[in-house]
Amino acid sequence: MRVADGRPIIGTSDDITPMVRWLLCVAALVILIVAVGGITRLTESGLSITQWKPITGALPPLTEAQWQAEFAGYKQIPQYLEVNGPAGMTLAQYKFIYFWEWVHRLLARLIGLAFALPLAWFWLKRTIPLGYKPRLLALLALGGLQGAVGWWMVSSGLSPEALDRVSHFRLAAHLITALVTLGGLIWTALDLAQLRLGQPPARVTRFGGIVLSMLAFQLFMGAMVAGLRAGYVAGSGWFNAEAWPLMQGSLFPDGVEWGLGPLHVLFSDPYMTHFIHRWWAWAVVAVFVVLARHMRALRARGTSVAIHCAFGIQILLGIFTVWSGVTLWIAVAHQLCAALLVAVTVWGVHILGRRDMVGLGV
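It should be emphasised that the depicted structure is a prediction, and the values quoted were computed from it without experimental measurement. Sequence order as written defines the numbering, with residues in each chain counted from 1. In view of the model being predicted, local features appear only for residues whose pLDDT reaches at least 70, and side-chain atom pairs are presented and counted only at 80 or more, with totals across whole chains, interfaces and linings using the full set of residues. As a rule here, side-chain values come from all non-hydrogen atoms in the structure, and water together with hydrogens is ignored.

Across its full length, the protein chain carries eleven helices and zero strands. Secondary structure of the protein chain in N-to-C order comes out as α-α-α-α-α-α-α-α-α-α-α. Throughout, radius of gyration means the C-alpha value; the globule benchmark is 2.2 Å times the number of residues raised to the power 0.38. Expected size for 362 residues packed as a compact globule is a radius of gyration near 21 Å; at 22 Å, the protein chain falls within 12% of this value. Per-residue burial over the protein chain gives 49% buried out of 362 residues. Taking as baseline every contact in the protein chain between residues at least 6 positions apart, the subset at least 24 positions apart corresponds to 76%. Counting 26 positive and 16 negative side-chain charges, the protein chain places the centres of these two groups 14 Å from one another. Labels follow the DSSP assignment, with helices taken as runs of H or I lasting at least four residues and strands as runs of E lasting at least two, numbered in each case from the N terminus. Only protein chains enter the area calculation, which uses a 1.4 Å probe; residues under 20% of their type maximum are buried, those over 50% are exposed, and those in between are partly exposed. In what follows, a contact means two residues having at least one pair of non-hydrogen atoms within 4.5 Å. Counting rule applied: Lys, Arg positive; Asp, Glu negative; His and chain ends not counted. Charge positions come from single atoms, namely NZ of Lys, CZ of Arg, CG of Asp or CD of Glu.

Structure, rendered in structure tokens:
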């Protein structure tokens, strides 16, 4: 069924199925860039490109002179002056960290194109269902915001007064914006899939909002842990109980700088942020168990299994990250699984909020 200007009200499978697939493909690219962002962070690559060139920056340096110019710019920032310079960084080592930041930015550009160009096509073809244009434009704006927040984050590590790393608050904003965008893409794809069946959009129920809020706080604290490099403060050693479940042999860690005030302790102290992140995880697990039980009651057994697998693997990866001393591939897998956990949580909360599921046991 269509209105006078050609936009579908309910839409046909031919209209909507390509849009669902498009949004899920963009969501998969967002999950990929979250993983690449983890590599960028863990290899300390994020400050290697000291300028923001949205167009010309798509190409890496191609000549020796261009590489030397990029390296000279990097030599002016605190990360080089305080850490990598005294460590004797070579041009070859600089090229390695430059590569990961360049890949991260290139992938961001590709995601922008992968969203904007099909959106323009669907818009011109008038196949966007009634009421979905504002939502798709909001997702496009979120993508643009993510790029701006990314540079805002990088700029925090470039000034002479900066630390040898980016602001952990800005890093958290960068990651959370990406994950909100991921959730929005998946939710919209699921709503369109429902529309294809003649069903109205889902709503966020009260319990669904609690689940999403608790997960968001956990992800925020995880980003703070990453930005403060707080993954190292508990100790390490495989199956070492003094590193997990304890922190340096104690349930509550020594070393918290109480004298700097409660806000600093909660959000800028590496010991406290790590402590909160590791134990709040169990509160999140509790609501995930309840959510998964709701999925079974709603006859969505596959979603229930996916939720259990995602949070179970994520907990194990978090523990292994600590025990391994923040080994690169384990820590990246932990960040990748966080993105997958967002995806399956949105899936479950969407099912919980579907009108056609009301009265089936919840």
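Each helix should span, by expectation, one fewer than its residue count multiplied by 1.5 Å. Its 23 residues give helix α5 (residues 133-155) an end-to-end C-alpha distance of 33 Å, which sits within 8% of 33 Å, the value for a rise of 1.5 Å per residue. The set of residues buried in α5 consists of Lys133, Leu136, Leu139, Gln146, Val149, Gly150, Met153 and Val154.

The nonpolar core is taken to be a set of buried Ala, Val, Leu, Ile, Met, Phe, Trp, Tyr and Cys residues, with the residues joined through side-chain atoms within 4.5 Å. In this structure, Trp22, Tyr94, Phe115, Leu136, Leu182 and Phe288 are the most contacted members of the largest nonpolar core, which totals 101 residues. No other element matches the 14 residues that helix α1 (residues 13-42) contributes to this core. Not counting residues up to four positions away in its chain, the partners in contact with Phe288 are Val211, Leu215, Ile307, Phe311, Leu341 and Thr345.

Within the fold, Ala27 resides in helix α1. On a C-alpha basis, the gap between Ala27 and Gly184 in space is 9.0 Å, while along the polypeptide they are 157 residues apart. In this structure Ala27 touches Leu182, Leu185 and Ile186, once residues within four positions along its chain are discounted.

As a further point, take the environment of Trp282. Mapped onto the elements, Trp282 comes out in helix α9 (residues 270-297). Given a relative accessible area of 36%, Trp282 falls into the partly exposed group. Taking C-alpha positions, Trp282 is 8.8 Å from Ile315, a pair spaced 33 residues apart along the chain. Polar contacts, as counted here, are pairs of nitrogen or oxygen atoms within 3.5 Å of one another; within protein the pair requires one atom able to donate a hydrogen and one able to accept it, and residues that are adjacent in sequence qualify only if both atoms are side-chain atoms. Here the side chain of Trp282 touches Arg278 through a polar contact of 3.5 Å, landing on its backbone oxygen.

What follows covers the confidence of the model for the protein chain. The pLDDT value expresses, per residue, how confident the predictor is, ranging between 0 and 100. Averaged over the protein chain, the pLDDT score is 91; the fraction of residues at 70 or greater is 94%. A low-confidence stretch, residues 3-7 (pLDDT under 50), is modelled with nine contacts involving residues beyond four sequence positions or located in other chains.

So, about the layout of surface pockets. Lining residues are defined by having an atom within 4 Å of a point belonging to a cavity or pocket. Those points lie on a 1 Å grid over the protein atoms alone, cavities being sets where a 1.4 Å probe fits but cannot get out and pockets being open sets with protein on both sides within 12 Å along at least five of seven lines. Grid points are joined across faces, edges and corners, and a volume is the space filled by probe spheres set on the points. Within this model, the second largest pocket holds a volume of roughly 360 Å³. Residue lining of the second largest pocket: 18 residues in total, with Leu179, Val180, Gly183, Gly184 and Val346 positioned closest to the centre. Elements with a contribution of two residues or more to the lining of the second largest pocket: α5, α6 (168-196), α7 (206-227) and α11 (328-352). Following the grouping adopted for this structure description, the nonpolar residues are Ala, Val, Leu, Ile, Met, Phe, Trp, Tyr, Cys and Pro, the charged ones are Asp, Glu, Lys and Arg, and the polar ones are all others, Gly among them. Each residue belonging to the lining of the second largest pocket can be placed in one class, and the counts come to 14 nonpolar, three polar and one charged.

Now for the packing of α5 against α6. At a closest axis distance of 9 Å, the pairing of α5 and α6 adopts a crossing angle of 165°. It follows from the interaxial angle that α5 and α6 lie roughly antiparallel. Like other packed secondary-structure pairs, α5 and α6 cross with a definite hand, here left-handed. Classifying every residue of the contact of α5 with α6 gives 13 nonpolar, eight polar and three charged. Every angle, taken between N-to-C directions, lies between 0 and 180 degrees, and every axis is a line fitted to C-alpha atoms, over only the stretch in contact when it is a helix. Angles below 35 degrees are treated as roughly parallel, those above 145 as roughly antiparallel, those between 65 and 115 as roughly perpendicular, and all remaining angles as oblique. Here a crossing is called left-handed whenever its near helix is offset anticlockwise from the far helix by less than a right angle, and right-handed whenever the offset is clockwise.

This next bit is on unusual backbone geometry. Residue Pro245 follows Trp244 across a cis peptide bond; omega there is 10°. If you trace the backbone, Pro245 turns up in the loop between α7 and α8 (262-268). Here Glu44, not a glycine, exhibits a phi torsion of approximately 55°, which is positive. Topologically, Glu44 is positioned in the loop between α1 and α2 (64-74). Relative accessible area serves as the criterion here: at 31%, Glu44 is assigned to the partly exposed category.

Right, let's talk about the pattern of salt bridges for a bit. Salt bridges are defined as contacts in which a side-chain nitrogen from Lys or Arg sits within 4 Å of a carboxyl oxygen from Asp or Glu. Within this structure, the stated rule accounts for five salt bridges. One salt bridge connects Asp164 with Arg229, and the closest N-O pair in it is separated by 3.5 Å. With Asp164 in the loop between α5 and α6 and Arg229 in the loop between α7 and α8, this residue pair connects regions lying 65 residues apart in the sequence. Residue Asp164 is classed as buried on the basis of its relative accessible area, which comes to 14%. Through salt bridges with shared partners, one network takes in Glu44, Asp164, Arg165 and Arg229.

Close contact between α6 and α11 brings their axes to 9 Å; oriented N to C, the two are set at 35°. The hand of the α6/α11 crossing is right-handed. Residues Leu175, Leu179, Leu182, Gly183, Ile186, Trp187, Leu190, Asp191 and Gln194 of α6 pack against Gln335, Ala339, Val342, Ala343, Val346, Trp347, Val349 and His350 of α11. When its residues are assigned to classes, the contact of α6 with α11 shows twelve nonpolar, four polar and one charged.

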